[in-house]
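This is what each chain is made of:
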Amino acid sequence: MRYYSYFPGCSLEATAVAYGLSTQAITGALDMELIELEDWNCCGSTPYGSTNELESLCIAARNLALAEKTGLDLVTPCSSCYTTLNRANSQLREYPDLKGKVDECLATAGLEYKGTVKIRHLFEVIFNDTGLKTIESKVMNPLTGLRVAPYYGCQLVRPEPSFDNQQNPQSLDRLIASLGAEPVPFPLKDRCCGGSLIIPELDLALGLIHQLLESAGSNGAQCIVTVCPLCQTNLDAYQGMVNSKFGTSYNLPILFFTQLLGVALGIELQGLGLDKGVISAEKVLAPSVTMAEPAT
Amino acid sequence: MGTKAYLMVKMEMSYARDGHTDGMKELKAMPEIETVEPVSGDYDFVIAATVDAPVRVASVASEIRAKEWVKNLDVLKVEPAAPNPFLDEVCSTPGGECVRWCVQCGMCSASCPNVGKMDYSPRKIIALIRAGRRYDVLTSNSMWVCASCYLCTVRCPKDVKPTELMHALERLSFHHGLRHGATSTPAMYNAFVNSINNNGRVHELGLMSKFYLKTNPLAALKMIPIGLKLLSRGRMPLKPRKIRGINQLKTIIEKANVLGGAQ
């Protein structure tokens, strides 16, 4: 059993509630335990860092200080939290004067951050620590014949070089294949969905989402799998709006990789939050789900 | 700050007869060189070049000397370049330090998914900063439509980190109270930050309502169908969730406010 400190992030309490449910549902089967960081606060994301540097580093550092006490790696399923917390870590290393000020601010609240926390993305943890071999051996319902577009988004592989290619990543493709499904070619797999610009720059973001759906759909994908709560919401909840704006008729379910894993591992379906999607995944998962029934 | 250098170049005899125009073109193509004046007498050209630091004068000079048509080169004068306070300000903001390294290759602009919506492409933004065009840069919409996809950052051959630069410009624009009229991203960022400062976590429904009330209440109508779909699936909690340590967080933020500093 491997233990991690767990930082769900704000989206997992709201638009991406299915991501949180499916994450917790699969950890047992993968021999890992995620211990939620007590009383964590928002990482600050891009908006805070674009408003005030010192304050944004301080609020990220509160989480890092809390996490440091646990002595465990801090794991987050959200790509934005992952990038933001990592950025705070590297800013604190690179700017000693900022670090000094952040220390002072934390001290007023009785906290201290030495800078030792390692921040990891849930997908990377499952890919590297659990590993595809173990996953393959645990597959109860191979997703044979299911054509899946692997959507990495931006902030899993960028900006810091980590575990996969930064412009043509392969890890999610391989995970999908290990579940018996077929990863389809998806040229825009690492391109932007618009992120939080969906609110202030709706038309711009709809254009980006349209391109992504086109790229996945034209390559025969039956669904798109993502590792990021923002990507899921943008592609799922706004798909109807894209259809009316561009005269298209996409009906592509957008699943979290944890949901796909859960189905393949034979986890009880109710716990995977499959009913949370605006675009229902029922039809495309039907063959695997029927097979899954006896196992549950 | 930068350094301005005046260099004098003498051509090889064999080129001097009809190689003047080509020589001048070649010199003008160097990014550091501002002007090339043909002169008569002991030298053929007088060059004015601006570089980041005095030490770079030597490398520009040796680059010119290495051209086969250059017979000799002498340095006439080296002096501090005209001050560019905006460039200095950007360079002293975390994330903005690297603009001096840019070679204007345009890879950032070619990689940007949102460049079509920008007043100035990322490459142009950097050129404008180096030209000291503070107002044009800080009132443009360019940084506000950056989605932080970091494609420019991983592709930049000089490690300029344009994404970080865009965030630095957003902070400078906030700090100086300058706004671009046609983008509502700053209003969204403000609502986002307020949501965190009040609750410790982001409450999406609260954030969206505040944002639409501030910017365009009618546009909110368009969003109602999506909101209802999310609501019916339990993806849009009505109430914010306050963290227990909200007072601790507020203490930290207040202290940061006092210490101020880096925007």
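Residues numbered from 1 in each chain as written. Chains lettered and ligands numbered in written order. Predicted model: local features only at pLDDT ≥ 70, side-chain atom pairs only at ≥ 80, totals over all residues. Heavy atoms only, no water.

A short note on the interface of chain A and chain B
By a widely used convention, the size of an interface equals the accessible area lost when the partners come together. Our working definition: Residue contacts are defined here by distance: any two heavy atoms, one from each residue, within 4.5 Å place the two residues in contact. Pairs of N or O atoms within 3.5 Å make up the polar contacts considered here, provided that, within protein, one atom can donate a hydrogen while the other can accept it, and that residues adjacent in sequence are counted only when both atoms are side-chain atoms. Going along the chain from the N terminus, every DSSP run of H or I of four or more residues is numbered as a helix, and every run of E of two or more is numbered as a strand. Any residue that is not Ala, Val, Leu, Ile, Met, Phe, Trp, Tyr, Cys, Pro, Asp, Glu, Lys or Arg is counted as polar, Gly included; the first ten are nonpolar and the last four charged.
Across the contact, 67 residues belong to chain A and 68 residues belong to chain B. Between the two partners, chain A and chain B, sit 31 residue pairs in polar contact (both at pLDDT 80 or more). Only helix H2 (45-49), helix H3 (53-70), helix H4 (79-94), helix H5 (96-108), helix H9 (202-217) and helix H10 (229-237) of chain A provide two or more residues apiece to the side of chain A that touches chain B. Classifying every residue of the side of chain A that touches chain B gives 29 nonpolar, 21 polar and 17 charged.

A closer look at the environment of proline 85 of chain B
All names here are of chain B. Put simply, the rule reads: Residue burial is assigned from relative accessible area. The probe radius is 1.4 Å, only protein chains are included, and a residue is buried under 20% of its type maximum, exposed over 50%, and partly exposed in between.
Note that proline 85 resides in helix H4 (residues 85-91). The exposed category is assigned to proline 85, whose relative accessible area is 60%. C-alpha separation for the pair proline 85 and arginine 155, spaced 70 residues apart in sequence, amounts to 29 Å.

Points about the domain arrangement of chain B
Worth spelling out the cut-off: Domain start and stop positions are those given by an automatic or database domain assignment.
Structurally, chain B comprises domain 1 (3-77), domain 2 (85-175) and domain 3 (188-243). With centres defined by C-alpha atoms, the gap from domain 2 of chain B to domain 3 of chain B works out at 30 Å.

Re the sheet that holds strand E2 (residues 33-38) of chain B
Residue and element names in this part refer to chain B. Going by this rule: Any two strands are treated as partners once DSSP identifies two or more bridges connecting them. What counts as an axis is a line fitted to C-alpha atoms, over the stretch in contact for a helix, and the angles between N-to-C directions run from 0 to 180 degrees.
Taken in spatial order, the four strands line up as E2-E3-E1-E4 in an open sheet, and their pairing is antiparallel. With partners counted over all chains shown, the strands left at the sheet margins are E2 and strand E4 (70-80), one partner each. The sheet shows a mean angle of 20 degrees between the axes of neighbouring strands, direction not considered.

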